[in-house]
Amino acid sequence: MRIKILGDCYYCVSGLPISRPNHASNCVKMGLDMIEAIRAVREATGVNVDMRIGIHTGDVLCGVIGLRKWQYDVWSDDVTIANHMESGGMPGKVHITTSTLMQLDGKWDVEAGNGSTRDEYLREQGVETYFIIPKKKKLQELNENDVSMQEGGRGSMRVAKYLESWGADKPFAKITEGVTGKNAQLTSMALIESNLIQPRQYTCWNISHQVEADMDKINIELERNLDDKQWFAAEDIHPILLYFVNSDLEAEYHQQPDPLFKYYVACAAMIYLTMLLVQLFFMPRSVAFFVSYGAIALLFLLLLLLSWADTIWMTKIHSKGLSSVITDGPWLRLLIAIVTMSVVAAAAIITVVDCGELDAHLPVTNFSKFAVISDVISDEAFLVGSNATTALLPAGDTVSVCINDCYSLPYYLYCCLLALVACSVFLQVHFLLKFIIMLLVLILYNVTFLVLQLELFQQQPTSRSLLNEMSLPVQSAIYLAFFFITLHVIDRKVEYTSRLDFLWKTKFKSEREEVETMGGVNKILLENILPAHVALHFLSSNRRLDELYHQRYKSASVLFASIPNFFKEFYMQNDITRDGLECLRVLNEIIYDFDKLLLKPKFCVVEKIKTIGSTYMAASGLVPGQENSQQDSQHHVFVLLEFALSMISVLNQFNKESFNDFKLRMGMSHGEIIAGVVGAQKPQYDIWGNTVNLASRMDSHGIVGRIQVTEDTATVLTNHNFECVCRGPIAVKGRGNLITYFVKTSMDYGDLSTTKL
């Protein structure tokens, strides 16, 4: 596992997070392969580059510290030894300790490493070291492309061309690609979105074929995902009563608004209007008829006005007090639904009390109303209309003509059926409640037809049907029963479909929220790993996936701030510190306080780069396009210096509260740098350049309690009323003798005999 990249140093471990018995062997294999890979680059490009590999085996503490720019890291005394094994090694060789050698079980031959002669820390710790003798392997011949690269051109250009021939993965190369692998199993919604948002170039010739192929692909993936992850399970809904087993889900279902309720009321009103017309044209009209139907009509008019207020006035101001109250109130909707069902059911038979009989024997040739002529011989019945003038009867038959003033049972039956339909139009009312109401209505109708008004309806004519052996009231009861059962089955189906739809929407919403939450978390994590403008670059769908992110800055500032006495004096691995864990807690609090400074608006241009042990690395002026936005192009230098002073103040306050004596040693430089993201598996934002190296040397060759800067940086600071003290020439590794300066502050530790600039 790669931990981090420190300049040109590749820092990795084996055995984390899962312990592996062959961790030492894995590190040796990787070290040898890295040396072989760099040798191939060297031979292909003609550039003299090589690697030192240092390996040590021991205990480590691993985790993440700080508030910003989290990076997985490891700490321990053994980690320090491993670092010195690399610096005390030799190019092209794998340098190991005795503890690592004991874990290899003789798989490799070794030779004396003598690391103590090249590194003081290894000599102080008495570490015995060895070099791995690699097994002989036949070097692969260079292909023609490699040979052609070696023929000419600058070394850096040849290296770039050679690396391009490797086809290495780019950082975040798959961040905008479609859902694949494990991500494909997340949600079907993510699958749909990922397929829909993919940018594609279609022509008029292949668009239909391509779209059809894409839809087939989506359907196949959806079927597979739905098979793997079912949204609906049988235990979610009770199989008989059709309620949600989850009480919270059941309450949420009943509390949801019903924007279609106004249409239910309108349907019930239309059914009532139909019943009114039937009774008006074919039923007896009396005072009871006009009073009851008039009152019900006023009730429906009021309900329609309340339900359709937002549509009538075309504004939401009124609906907030009228329509929305009904739409959003489940109990009010239920009350209106029950009242509507009841009044419509009552309206169907309310005029039956006014229906009487008028018996009379009239000549057959004159009928003012419907009459029934009974042939007592043939036992046949004929319905004679009011327009009939004659009726042919067999000679000698006795005819009894009964004129019924209310030939109404079929129309009452029609009204009753319409009333049952009115009970069923309220789709969001629970089907069991509608079942109970329709059952009560059915009982009321049957009692009316079969008990209260039986004599009246028995005199009605019967129709020719399979049920003509039964009386008309009995036939009506059977019709009502069948219609009642049919409506109940439909209501049950509607209830099941509605609840299933609600369940799917709820789970779909939950999954969508999970996806959005995970997307937000991933974005936050990405912005916590990378600077905000770099994260936006990688999240953009317009970027080229084959392009490495890099940015050159003509002027930026770099700061290294270390706590030298933390690991030398404070850090200990024993039972009291729980093998160093409690010491790391202290380091975490310090880094956390430093990171909190970045949240201040005045430090918005300061970017934390990384932490290296107890060293804090930060930079300013790394926002593209803003190099010249400030009135002073060197503004980032002053901001970073103020940030360094704030770090000193924060650490002093921490020392007072924790009774410690930690001190900062700081180095700072400014100039041209290159920023970019490297690594395909664990991309990391970093900066490189001479400015970074100088800032690191200013820290490592500095003095505790002082901020050491280069001569150029000191010149910029003194031109803006900062006081700098010349330290004089010092020997800097890789740079020779450099004249450096200390920034004079009120928090300096001690005094130095130096010359002011």
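All figures in this text were calculated on a predicted structure; none of them were measured in a lab.

Peer 1: Explanation requested: helix 2 (residues 77-87) in the structure shown.
Peer 2: Given 3.6 residues per turn, any residue in an α-helix points the same way as the ones three and four places further on. Buried within helix 2 we find Asp78, Val79, Ile81, Ala82 and Met85. The arc that holds the buried residues of helix 2, viewed along the axis, is 160°, so those residues lie on one side. Looking at the buried residues of helix 2, the elements they touch are strand 2 (9-12), strand 3 (52-55), strand 5 (73-75), strand 6 (93-97), helix 4 (120-125) and strand 8 (129-133). The backbone nitrogen of Asp78 has a side-chain oxygen 3.2 Å away, supplied by the residue at the start of helix 2, namely Ser76.

Peer 1: Mind showing me how you'd approach the pattern of salt bridges here?
Peer 2: Close approach of charged atoms allows side chains with opposite charge to pair. For the structure shown, the criterion picks out 16 salt bridges. For the salt bridge of Lys505 with Asp501, the shortest nitrogen-to-oxygen distance reads 3.3 Å. Here Lys505 pairs with Asp501, and both are found in helix 19 (residues 472-529), just four residues apart, close to one helical turn. Using a relative accessible area of 54% as the deciding quantity, one classes Lys505 as exposed. As a salt-bridge pair, Arg665 and Asp699 come within 3.1 Å of each other at their nearest N and O atoms. Pair noted here: Arg665 is in strand 15 (residues 665-678) and Asp699 is in helix 24 (residues 690-700), with a separation of 34 residues, a long-range link. Both residues of the pair, Arg665 and Asp699, belong to the buried class. Shared partners join several salt bridges into a network, and the residues in it are Glu250, Glu495 and Arg499.

Peer 1: Can you walk me through the confidence of the model for the protein chain in this structure?
Peer 2: If pLDDT is low for a region, its predicted coordinates should not be looked at in detail. Confidence in the prediction of the protein chain, expressed as mean pLDDT, is 76, and 72% of residues score 70 or more. Across residues 176-208, where pLDDT falls below 50, the model places 42 contacts with residues more than four positions away in sequence or in other chains. Segment residues 228-232 is flagged for pLDDT under 50; beyond a separation of four residues in sequence, or across chains, it makes 15 contacts in the model.

Peer 1: What is the right way to look at unusual backbone geometry in this model?
Peer 2: Glycine aside, residues mostly have negative phi angles, and peptide bonds mostly take the trans form. A cis amide bond links Leu16 with the next residue in sequence, Pro17, at an omega value of -5°. The topology assignment puts Pro17 in the loop between strand 2 and helix 1 (23-45). In this structure, Arg578 takes a positive phi of about 55° despite not being glycine.

Peer 1: How should the pairing of strand 6 be read in this particular structure?
Peer 2: Here is the key point about a regular strand: its side chains alternate between the two faces of the sheet. The element strand 6 is extensively covered by neighbouring structure, given that four of its five residues are classed as buried. In this sheet, strand 6 lies alongside strand 3 in parallel orientation, the contact comprising four bridges. For Ile53, the partnering residue across the bridge sits in strand 6 and is Val94. In terms of strand pairing, strand 6 meets strand 8 through three bridges, oriented antiparallel. Within the sheet, the bridge partner assigned to His95 lies in strand 8 and is Phe131.

Peer 1: Just to check I follow, could you spell out helix 25 (residues 711-718) for this structure?
Peer 2: All of the buried residues along helix 25 are Thr713, Ala714, Val716 and Leu717. The buried residues of helix 25 occupy one face: seen down the axis, they fall within an arc of 160°. At its buried positions, helix 25 is contacted by helix 23 (635-658), strand 15, strand 17 (707-710), strand 18 (724-732) and strand 19 (736-743).

Peer 1: Explanation requested: the environment of Val474 in the structure shown.
Peer 2: By secondary structure assignment, the location of Val474 is in helix 19. What makes Val474 partly exposed here is its relative accessible area of 33%. Between the alpha carbons of Val474 and Asn446 there is a distance of 8.6 Å; along the sequence they are 28 residues apart.

Peer 1: Explain the packing of aromatic side chains to me, please; I cannot follow it from the model alone.
Peer 2: The geometry of an aromatic ring pair is captured by the separation of the ring centres together with the interplanar angle, meaning the angle of the planes. In total, this model carries 19 aromatic pairs according to the counting rule given. On the numbers, 5.3 Å between centres and 80° between planes, the contact of Phe603 with Phe643 is edge-to-face. Remark: Phe643 occurs in helix 23 and Phe603 occurs in the loop between helix 22 (581-597) and strand 13 (606-612); sequence separation between them is 40 residues. Both residues of the pair, Phe603 and Phe643, belong to the buried class.

Peer 1: Can you help me understand the environment of Ala346 in this one?
Peer 2: Tracing the backbone shows Ala346 in helix 15 (residues 330-349). As a C-alpha pair, Ala346 and Cys416 span 70 residues in sequence and 9.1 Å in three-dimensional space.

Peer 1: Would you take a moment to explain the nonpolar core for this structure?
Peer 2: If you look at soluble globular proteins, the nonpolar side chains tend to sit buried side by side. Residues Met275, Phe300, Ala348, Phe426, Tyr445, Phe449 and Leu480 are the most contacted members of the largest nonpolar core, which totals 47 residues. Every element with two or more residues in this core is listed here: helix 10 (261-282), helix 11 (287-307), helix 15, helix 16 (409-424), helix 17 (431-452) and helix 19. For Tyr445, the contacting residues outside a window of four places in its chain are Ala345, Ala348, Ile349, Cys416, Ala419 and Leu480. Judged by nonpolar contacts, the second largest core, of 45 residues, contains Val606, Tyr616, Ile648 and Val716.

The rules we used
Residues numbered from 1 in each chain as written. Predicted model: local features only at pLDDT ≥ 70, side-chain atom pairs only at ≥ 80, totals over all residues. Heavy atoms only, no water. Buried < 20%, exposed > 50% of the residue type's maximum accessible area, 1.4 Å probe, protein only. Helix = DSSP H or I, 4+ residues; strand = E, 2+ residues; numbered from the N terminus. Arc of directions from axis to C-beta. Contact = heavy atoms within 4.5 Å. Polar contact = N/O pair within 3.5 Å; in protein donor to acceptor, adjacent residues only side chain to side chain. Salt bridge = Lys/Arg side-chain N within 4 Å of Asp/Glu carboxyl O. pLDDT = per-residue confidence, 0-100. Pairing = 2+ DSSP bridges. Phe/Tyr/Trp six-rings, centres within 6.5 Å; stacked < 30°, edge-to-face > 60°. Core = buried A, V, L, I, M, F, W, Y, C linked by side-chain atoms within 4.5 Å.

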